[in-house]
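# Residue-level structure breakdown
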Amino acid sequence: MGPLPKIKISKGRRNRRRAHHAIGAPKLVSCARCNEKTLPHRVCPHCGSYMGRLQVIDVEEEEA
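Analysis parameters
Residues numbered from 1 in each chain as written. Predicted model: local features only at pLDDT ≥ 70, side-chain atom pairs only at ≥ 80, totals over all residues. Heavy atoms only, no water. Helix = DSSP H or I, 4+ residues; strand = E, 2+ residues; numbered from the N terminus. Buried < 20%, exposed > 50% of the residue type's maximum accessible area, 1.4 Å probe, protein only. Contact = heavy atoms within 4.5 Å. Areas by Shrake-Rupley, 256 points an atom, 1.4 Å probe, with all protein chains shown as cover. pLDDT = per-residue confidence, 0-100.

### Structural notes on the overall build of the protein
A count of helices and strands for the protein gives one helix and four strands. Beginning at the N terminus, the succession of helices and strands in the protein can be written as α-β-β-β-β. Taking all 64 residues of the protein together, the buried fraction comes to 9%. A fraction of 0% describes how many contacts in the protein between residues 6 or more apart in sequence connect residues 24 or more apart. Split by element, the accessible area of the protein, about 6,400 Å² in all, is 54% carbon and sulfur.

If you want it as C-alpha cells, here you go:
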C-alpha cells in the first residue's frame, strides 16, 4: 500500500496551485539586423543572422 494523503485537497487549493500552468503566447524579440520579430535565441528566418552579427544560413530573396 502506497502513501495516501491525510486530508483531501480542496478544489480551490488545487486550482490555485494550477493557476500558473496555462500556456502563454510566445515571446518575440526584434532582430538586431532587419528588425523583424523572431523567437529569442534562434536564427532569424528573414535575414539568416544570429544576434545581429553572424550570417548563419543563406536566405534567398523572393522575387516579385
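### Describing the environment of Lys37
By secondary structure assignment, the location of Lys37 is in strand S2 (residues 37-38). For the pair Lys37 and Lys27, spaced 10 residues apart in sequence, the C-alpha to C-alpha distance is 9.5 Å. Ignoring anything within four residues of it in the chain, the contact list for Lys37 reads Leu28, Val29, Ser30 and His46.

### Observations concerning the confidence of the model for the protein
In this model, the protein carries a mean pLDDT of 86, and residues with pLDDT of at least 70 account for 89%. When mean pLDDT is taken per element in the protein, helix H1 (residues 11-17) scores highest with 96 and strand S4 (residues 54-55) scores lowest with 72.

### Things to note about unusual backbone geometry
Not every positive phi belongs to a glycine, and Asn35 is a case in point at roughly 60 degrees. Given a relative accessible area of 59%, Asn35 falls into the exposed group. Even without a glycine there, the phi angle at His41 is positive, about 60 degrees. Within the element layout of this structure, His41 appears in the loop between S2 and strand S3 (49-50).

### Some details on the environment of Pro40
Along the chain, the position of Pro40 falls in the loop between S2 and S3. Sequence separation of Pro40 and Lys27 is 13 residues, and the distance between their C-alpha atoms is 7.5 Å. Setting aside chain neighbours within four positions, we find Pro40 in contact with Lys27 and Val29.

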